[in-house]
Amino acid sequence: MARVLVTSGPTRQYLDPVRFLTNGSTGRMGQALCQALQDGGHQVVVVSGPVEVAYPDGVEVVAVVTTEEMLSACQGLLPACDGVVGVAAPCDYRVEHVAERKIAKTGQPLLLRLVETPDILATLGEHKGDRWMVGFALETDDRRFRALAKLERKKCDLMILNSPQAISSVDTRVEILDPAGDVVAAIAGDKRSVAARIVAEIEHRLVRRG
Ligand code: C5P
């Protein structure tokens, strides 16, 4: 049995009190992974951005909005966890200055200066110790090469490669890459069955028995 930290869903970066940057992540793959981990007898805490899906009963849910909040919640939870599954799609950019009041239209183009948000997995990877980490990479070009580069940069033990079709859909198609760059499994199906197969691979390769 492991205690697993899961990140799930999108984050939001506000421009002003009412508008925000985000993406189409629904949290469905995170939900499916929480379920599969729980079915395997693991204890799960999920740090989730705003989603419509409900996480399984018995899973501890920490609700966050921004990428910075997701990182800080994860940093607080990491010491008590054995492993991390980073399936969230955190916003990679935020506006440099959030407007205190709603930005009014002027009839002119609006220029936004965006700066990068922290990378959650890469930051956690710096302090992972003997914990394992599994990341997801959504790639359109040079897919395996880029996914493997992310595995290395973020100090992950496995990287799940998927494609843009996975966003908002019921079904998905993934490849599981190991640190040697080998495709240890290629799986297609609904997110529940794909999640079960990913968890089986995590248990086989990463979870310590005992
Ligand atoms: O966005 P990217 O393709 O780099 O995401 C790859 C992995 O890194 C995913 O597992 C995602 O959850 C994670 N990630 C993160 N923090 C970010 C961006 C991505 O942890 N700011």
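To be clear, the structure that these remarks concern was listed above.
What you see is a predicted model; the values in this text were computed from it and never measured. What you see as residue numbers is a count from 1 along each chain, following the sequence as written. Only residues with pLDDT of 70 or above have their local features reported here, since the model is predicted, and side-chain atom pairs are shown and tallied only from 80 upward, although totals for entire chains, interfaces and linings are computed over all residues. Side-chain measures here rest on the full set of heavy atoms in the structure, leaving out hydrogens and waters.

K.L.:
Explain the overall build of the protein residue by residue, including any values.
P.N.:
Strands here are runs of E lasting at least two residues and helices are runs of H or I lasting at least four, both read from the DSSP assignment and numbered beginning at the N terminus. Secondary structure assignment for the protein yields five helices and 12 strands. At 17 Å, the protein has a C-alpha radius of gyration in line with the 17 Å of a compact globule built from 210 residues. By its C-alpha atoms, the protein is 60 × 35 × 35 Å across when sized along the principal axes. By definition, residues are in contact when any of their heavy atoms lie within 4.5 Å. Counting only contacts in the protein whose residues sit at least 6 apart along the sequence, the fraction spanning at least 24 positions is 61%. For the protein, the separation between the mean place of its 25 positive charges and that of its 27 negative charges on side chains is 3 Å. Between the two quantities, the radius of gyration covers C-alpha atoms and the globule rule is 2.2 Å times the number of residues to the power 0.38. For the purpose of counting charges, residues Lys and Arg are taken to be positive, whereas Asp and Glu are taken to be negative. His and the chain ends are not included. Taken as the charge location is NZ of Lys, CZ of Arg, CG of Asp or CD of Glu.

K.L.:
Give me the lowdown on the site of the ligand, citing residues and values where you can.
P.N.:
The near set for a molecule or strand comprises every residue that places at least one heavy atom within 4 Å of it. Contacts to the ligand come from G86, A88, P90, D92, P118, D119, I120, L121, G135, F136, K150 and K154. Polar contact criterion, stated in full: a pair of N or O atoms within 3.5 Å, where within protein one must be able to donate a hydrogen and the other to accept it, and residues adjacent in sequence count only if both atoms are side-chain atoms. A distance of 2.6 Å is found between an oxygen atom of the ligand and a backbone nitrogen or oxygen belonging to A88. Within the backbone of I120, a nitrogen or oxygen atom sits 2.9 Å from a nitrogen atom of the ligand. Across the complex, the protein chains shield 89% of the 440 Å² of accessible surface that the ligand would expose by itself. Put plainly, a pocket is an open set of points on a 1 Å grid over the protein atoms alone with protein on both sides within 12 Å along at least five of seven lines, a cavity is a set where a 1.4 Å probe fits but cannot get out, and a lining residue has an atom within 4 Å of a point. What decides whether a molecule sits in a cavity or pocket is whether more than half of its atoms lie within 2 Å of the grid points. Applying the majority rule of atoms within 2 Å of the grid points places the ligand in the largest pocket. In the scheme used here, Gly and all other residues not listed as nonpolar or charged are polar, with Ala, Val, Leu, Ile, Met, Phe, Trp, Tyr, Cys and Pro taken as nonpolar and Asp, Glu, Lys and Arg as charged. By residue class, the composition of the shell around the ligand is six nonpolar, two polar and four charged. All accessible areas in this document rest on Shrake-Rupley with a 1.4 Å probe, and a residue is counted as covered only by the protein chains that are shown.

K.L.:
Provide a residue-level description of the sheet that holds strand β4 (residues 43-48), including the pertinent values.
P.N.:
Across the sheet, eight strands lie side by side as β5-β4-β1-β6-β9-β10-β11-β12; this open sheet has mixed pairing. On the outer flanks of this sheet lie β5 (60-63) and β12 (183-190), each paired with one strand and no other. Ignoring which end each strand starts from, the neighbouring axes of this sheet average 20° apart. By the bridge criterion, five bridges tie strand β9 (residues 132-138) to strand β10 (residues 158-162) in an arrangement that is parallel. Pairing of V134 across the sheet is with L158, part of β10. Interaxial angles span 0 to 180 degrees and are taken between N-to-C directions of axes, which are lines fitted to C-alpha atoms, for helices over the stretch in contact. In this fold helix α1 (residues 28-39) packs onto β1 (3-8), β4, β6 (83-86), β9 and β11 (171-177), with an angle of close to 170° to the strand it touches most, β1. When DSSP finds at least two bridges between two strands, those strands are taken to pair.

K.L.:
Any chance you could break down helix α4 (residues 143-153) for me, citing the residues and the numbers?
P.N.:
Buried residues are those whose accessible area, probed at 1.4 Å on protein chains only, stays under 20% of the maximum for their type, while exposed residues exceed 50% and partly exposed ones sit between those limits. Listing the buried residues of α4 in full gives A147, L148 and L151. Each buried residue of α4 sits inside an arc of 100° when the element is viewed along its axis, so together they form one side. When the buried face of α4 is taken as reference, the exposed residues oriented beyond 90 degrees from it are F145, E152 and R153. For α4, the secondary structure elements touched by its buried residues are β9, β10 and β11. Backbone geometry just downstream of α4 places K155 in the positive-phi region, at approximately 55°. Along the arc lie the directions from the helix axis toward the C-beta atoms.

K.L.:
Summarise the layout of surface pockets; cite the residues concerned and give the values.
P.N.:
Grid points are joined across faces, edges and corners, and a volume is the space filled by probe spheres set on the points. Here the largest pocket is characterised by a volume of approximately 990 Å³. Lining the largest pocket we find 40 residues, and of these A88, A89, P90, F136 and L138 sit closest to its centre. Of all elements in the fold, only β1, α1, α3 (120-125), β9, α4 and β10 reach the threshold of two or more residues within the lining of the largest pocket. Per-element accounting of the lining of the largest pocket gives the leading share, four residues, to β9. Class assignment for the residues of the lining of the largest pocket results in 16 nonpolar, 15 polar and nine charged. The computed volume of the second largest pocket comes to approximately 160 Å³. Taken together, M1, A2, D82, D130, R131, W132, L206, V207 and R208 make up the lining of the second largest pocket. Grouping the constituent residues of the lining of the second largest pocket by class yields five nonpolar, no polar and four charged.

K.L.:
Please set out the packing of aromatic side chains residue by residue, giving values where relevant.
P.N.:
Here a Phe, Tyr or Trp ring, Trp counted by its six-membered ring, pairs with any other such ring whose centre lies within 6.5 Å, and the pair is stacked when the planes are under 30 degrees apart, edge-to-face when over 60, and tilted otherwise. All chains considered together, the criterion is met by one aromatic pair. A centroid spacing of 5.1 Å and a plane angle of 65° characterise the contact between Y14 and F20, whose relative ring orientation is edge-to-face. Among the residues examined, Y14 registers a relative accessible area of 29% and is labelled partly exposed.

K.L.:
Tell me what's going on with the environment of A195, and back it up with residues and numbers.
P.N.:
Summarising the element assignment, A195 is placed in helix α5 (residues 191-205). Beyond its immediate stretch of four places on either side in the chain, A195 contacts M29, A32, L33 and A36.

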